[in-house]
Amino acid sequence: MNETNQTTHDAEEDVRNRNIKIYVNGEIVPREEARISVYDSGFMLGDGMWEGMRLYNGKWAFFDEHMDRLFDSCKAISLDIGMDRDGILDALTKTAAANGMTHDVHCRLMITRGVKYKPFQHPNLSKSGPTIVIIMEHSKPAKHLQAKGISLATVPQVRGLPMSQDAKYNSHSKLNCVIACLQAEQAGADEGLMLDPHGFVNTTNACNFFIVRRGEVWTSTGDYCMNGVTRQKVIDLCRANDIPVFEKNYSLVEAYGADEAFLTGTFGAQTPVSLIDGKKIGSNDGIGPITARLQDLYRDLVTKNTQS
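Let me sum up the structure you'll find in this document. Treat the numbers as computed from the prediction; the structure is a model and nothing was measured.

Brief notes about the overall build of the chain
Turning to step 1, where the next piece is worked out: The secondary structure content of the chain amounts to nine helices and 15 strands.
Turning to step 2, where the next piece is worked out: Compactness check: the chain gives a C-alpha radius of gyration of 19 Å against a globular reference of 19 Å for 308 residues, within 12% of the reference.
Turning to step 3, where the next piece is worked out: Along the first, second and third principal axes, the C-alpha set of the chain runs to 55 × 40 × 40 Å.
Turning to step 4, where the next piece is worked out: Split into buried and exposed, the 308 residues of the chain put 48% on the buried side.
Turning to step 5, where the next piece is worked out: Working note: accessible area of the chain is about 14,600 Å², and carbon and sulfur atoms make up 52% of it.
Turning to step 6, where the next piece is worked out: Where the 33 positive side-chain charges of the chain centre and where its 38 negative ones centre are 1 Å apart.

Looking at the state of the cysteines
Among covalent bonds in proteins, the disulfide is the one between the sulfur atoms of two cysteines.
Turning to step 1, where the next piece is worked out: Under the defined criterion, the tally for this structure stands at zero disulfides.
Turning to step 2, where the next piece is worked out: Between Cys-225, a free cysteine, and Cys-177, which holds the nearest cysteine sulfur, the sulfur-to-sulfur gap is 11 Å.
Turning to step 3, where the next piece is worked out: For Cys-225, a relative accessible area of 1% puts it in the buried group.

Some words on the pattern of salt bridges
Turning to step 1, where the next piece is worked out: Within the structure shown, the criterion is met by nine salt bridges.
Turning to step 2, where the next piece is worked out: Among the ionic pairs, Lys-233 bridges to Glu-65, the shortest N-O distance being 2.6 Å. Note that Lys-233 is positioned in helix H7 (residues 229-240) and Glu-65 in helix H2 (residues 63-76), a separation of 168 residues in sequence.
Turning to step 3, where the next piece is worked out: With a relative accessible area of 28%, Glu-65 lands in the partly exposed category.
Turning to step 4, where the next piece is worked out: The partner of Asp-68 in a salt bridge is Arg-85, with the nearest N and O atoms 2.6 Å apart. Of this pair, Asp-68 sits in helix H2 while Arg-85 sits in helix H3 (residues 85-99), and the two are 17 residues apart along the sequence.
Turning to step 5, where the next piece is worked out: Residue classification places Arg-85 among the partly exposed residues on the basis of a relative accessible area of 30%.
Turning to step 6, where the next piece is worked out: Through salt bridges with shared partners, a single ionic network connects Arg-231, Arg-239 and Glu-247.

A short note on a nonpolar patch on the surface
Turning to step 1, where the next piece is worked out: A cluster of nonpolar residues, Ile-36, Val-38, Tyr-39 and Phe-43, forms a patch on the protein surface that exposes about 410 Å² of accessible area.
Turning to step 2, where the next piece is worked out: By secondary structure assignment, the location of Ile-36 is in the loop between strand S2 (27-30) and helix H1 (41-45).

Some points on the packing of H2 against H3
The angle between the axes and the distance between the axes are what describe a pair of packed helices.
Turning to step 1, where the next piece is worked out: In contact at an axis separation of 11 Å, H2 and H3 are set at 120° when each is read in the N-to-C sense. Overall, the two elements H2 and H3 adopt an arrangement that is oblique. The interaxial crossing formed by H2 with H3 has right-handed handedness. For the pair H2 and H3, contact is made by Phe-63, Asp-64, Met-67, Asp-68, Leu-70 and Phe-71 and by Arg-85, Ile-88, Leu-89 and Leu-92, respectively.
Turning to step 2, where the next piece is worked out: Among the residues forming the contact of H2 with H3, the class breakdown is seven nonpolar, no polar and three charged.

Comments concerning the sheet that holds strand S6 (residues 131-138)
Turning to step 1, where the next piece is worked out: Ordered in space as S2-S1-S6-S5-S3-S4, the six strands form an open sheet in which the pairing is antiparallel. Single-partner strands in this sheet number two, and they are S2 and strand S4 (59-60).
Turning to step 2, where the next piece is worked out: Contacts between H2 and the sheet are confined to strand S3 (48-56), S4 and strand S5 (105-112), with S3 contributing the most and set at about 175° to the helix.
Turning to step 3, where the next piece is worked out: Relative to S6, H3 is tilted by about 40°, and along the sheet it contacts strand S1 (21-24), S2, S3, S4, S5 and S6.

Overview of the packing of aromatic side chains
Turning to step 1, where the next piece is worked out: By the definition in use, this model includes three aromatic pairs.
Turning to step 2, where the next piece is worked out: Aromatic pair Phe-210 and Phe-262: ring centres 5.0 Å apart, planes at 5°, arrangement stacked. Here Phe-262 lies in strand S13 (residues 260-265) and Phe-210 lies in strand S10 (residues 208-213), a separation of 52 residues in the sequence.
Turning to step 3, where the next piece is worked out: With a relative accessible area of 0%, Phe-262 lands in the buried category.
Turning to step 4, where the next piece is worked out: Geometry around Trp-50 places Arg-108 over its ring, the cationic atom sitting 3.6 Å from the centre.
Turning to step 5, where the next piece is worked out: Sitting over the face of the ring of Trp-218, Lys-248 holds its NZ or CZ atom 3.7 Å from the ring centroid.

As for unusual backbone geometry
A negative phi angle is the norm for most residues apart from glycine, just as the trans form is the norm for most peptide bonds.
Turning to step 1, where the next piece is worked out: Even without glycine at this site, Asn-25 takes up a positive phi of about 50°.
Turning to step 2, where the next piece is worked out: Position of Asn-25 among the secondary structure elements: in the loop between S1 and S2.
Turning to step 3, where the next piece is worked out: The phi torsion at Asn-57 lies on the positive side, around 55°, for a residue other than glycine.
Turning to step 4, where the next piece is worked out: Along the chain, the position of Asn-57 falls in the loop between S3 and S4.
Turning to step 5, where the next piece is worked out: For Asn-57, a relative accessible area of 39% puts it in the partly exposed group.

What counts and how
- Residues numbered from 1 in each chain as written.
- Predicted model: local features only at pLDDT ≥ 70, side-chain atom pairs only at ≥ 80, totals over all residues.
- Heavy atoms only, no water.
- Helix = DSSP H or I, 4+ residues; strand = E, 2+ residues; numbered from the N terminus.
- Rg over C-alpha atoms; globule rule 2.2 N^0.38 Å.
- Buried < 20%, exposed > 50% of the residue type's maximum accessible area, 1.4 Å probe, protein only.
- Areas by Shrake-Rupley, 256 points an atom, 1.4 Å probe, with all protein chains shown as cover.
- Lys, Arg positive; Asp, Glu negative; His and termini not counted.
- Charge placed at Lys NZ, Arg CZ, Asp CG, Glu CD.
- Disulfide = S-S within 2.5 Å.
- Salt bridge = Lys/Arg side-chain N within 4 Å of Asp/Glu carboxyl O.
- Patch = residues over 30% accessible without salt bridge, like charges linked within 9 Å, V, L, I, M, F, W, Y side chains within 5 Å.
- Axes fitted to C-alpha atoms, helices over the stretch in contact; angles between N-to-C directions.
- Parallel < 35°, antiparallel > 145°, perpendicular 65-115°, else oblique.
- Left-handed = near helix turned anticlockwise from the far one by under 90°.
- Contact = heavy atoms within 4.5 Å.
- Nonpolar A, V, L, I, M, F, W, Y, C, P; charged D, E, K, R; others polar.
- Pairing = 2+ DSSP bridges.
- Phe/Tyr/Trp six-rings, centres within 6.5 Å; stacked < 30°, edge-to-face > 60°.
- Lys NZ or Arg CZ within 6 Å of the ring centre and 35° of its normal.

Have a look at this one:
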């Protein structure tokens, strides 16, 4: 395996993260003391949902959109969070305050079905209520990602049909994506480019995927990928700024011939793609002009959202 692989979640080193405090079921404890039970549903079965969010200027970017996704997903799997949105915001606020965090912070909010009283699958074995964990880190995306870009390898692992495990669940059950990531690394790439069940380009193992062709921005139909908050913001920004954008089926042939390609995600925002299956994308060694414009537009949008 290539030990020099980068990821879309590469961050600048910050020694403050060695001493962070973590929220666990209402208590905020030092990192080394944060514990959950080996009987927890998330540990045993991946039975839970999570959200990744960014804190800027003391405010969570696109908080309502993240909560829409979280509450919809938990409702769909009959997981009672045990608190409303204000309760979650209060827990986030207390955790940030305990860490002295206000800006350039990444949070992973995790909610599982809780501790089981027997080590088996049935949800009714979880009777103690949900497990809620909040991990926050001082986190800025690594600068080299913008200069160098990410390399992708098309992998055999696909994003499946909604009736198998809907990709719109931001669930703790990430084995499908982990396998795709391993396949990409074993092929010498940074991330895996995953196809949909029909062979069309879909997403990567960690992010949503876009290409730019002749001034047009293309992404998948959205039928088989995570309903990414950043993905939707990019689509909205294109529509608001007269950049042609299409959610459509397209093949690897069209991806290989793209002028630009980039990934979207809460952590990295828009990360340029430099190679797909060893083929150089576009004439730039890193970021292209439309990707750069969308980065500027998105940065402005985040500023407006977190300063209002």
